[in-house]
Amino acid sequence: ARRKIDGLLALARVDRPEGSLLLFWPGAWSIALAAPAGAAPDVHLLALFGIGAFVMRGAGCTINDMWDRDFDAKVKRTRSRPLASGDLNIWPDATLFL
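What you are looking at is a predicted structure, and each value in this text was computed from that prediction instead of being measured. Going along each chain's sequence as written, the residues are numbered from 1 onward. Per-residue local features of the predicted model are confined to residues with pLDDT of at least 70, and side-chain atom pairs are confined, for both listing and counting, to 80 or more; whole-chain, interface and lining totals are unaffected and use all residues. For the side-chain quantities, the full set of heavy atoms in the structure was used; hydrogens and water were omitted.

1. As for the overall build of the chain
- By definition, any uninterrupted DSSP run of H or I lasting at least four residues is a helix, any uninterrupted run of E lasting at least two residues is a strand, and each is numbered from the N terminus. Helices and strands together make up the secondary structure of the chain, namely 5 helices and 0 strands.
- Counted from the first residue to the last, the chain has its helices and strands arranged as α-α-α-α-α.
- Relative to its length of 98 residues, the chain is extended, with a C-alpha radius of gyration of 17 Å against a globular reference of 13 Å.
- Each of the three principal axes of the chain carries a C-alpha extent, and together these read 55 × 25 × 20 Å.
- Buried residues are those whose accessible area, probed at 1.4 Å on protein chains only, stays under 20% of the maximum for their type, while exposed residues exceed 50% and partly exposed ones sit between those limits. By residue count, 28% of the 98 residues in the chain fall in the buried class.
- We call two residues contacting when some pair of their heavy atoms lies within 4.5 Å. Here the contacts in the chain between residues at least 6 apart in sequence split such that 61% fall between residues at least 24 apart.
- As displayed, the chain has an accessible area near 6900 Å², and 67% of this comes from carbon and sulfur atoms.
- For the chain, the distance from the average site of its 12 positive side-chain charges to the average site of its 10 negative ones is 6 Å. The atom set for the radius of gyration is the C-alpha atoms, and the globule formula is 2.2 Å times the number of residues raised to the power 0.38. Computed by Shrake-Rupley with a 1.4 Å probe, the accessible areas treat only the displayed protein chains as cover when residues are assessed. By the counting scheme adopted, Arg and Lys are positive, Glu and Asp are negative, and His together with the chain ends is not counted. Where a charge sits is defined by one atom per residue type, namely NZ (Lys), CZ (Arg), CG (Asp) or CD (Glu).

The structure is reproduced here in structure tokens:
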């Protein structure tokens, strides 16, 4: 069970948060600009956008790995990804993760 959880976390690239931050930043900036002058941005809305950025980035990495698994297995840099290496299967692991 622990190996499967580690594979799912690697599939979502949890260890590399820069993609989530790149998704979150424009939304956070827009929320801040939409706040009334002199007021702090809505913390609940910022949290919602933060969670959404994290989830959508993980889904994007997952679908990319599903589509490219055969190619990834042939490339040195990507052959250790969970779907390319065979640590996870398309069904049910990656599909239910989406």
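Moving on from the model shown.
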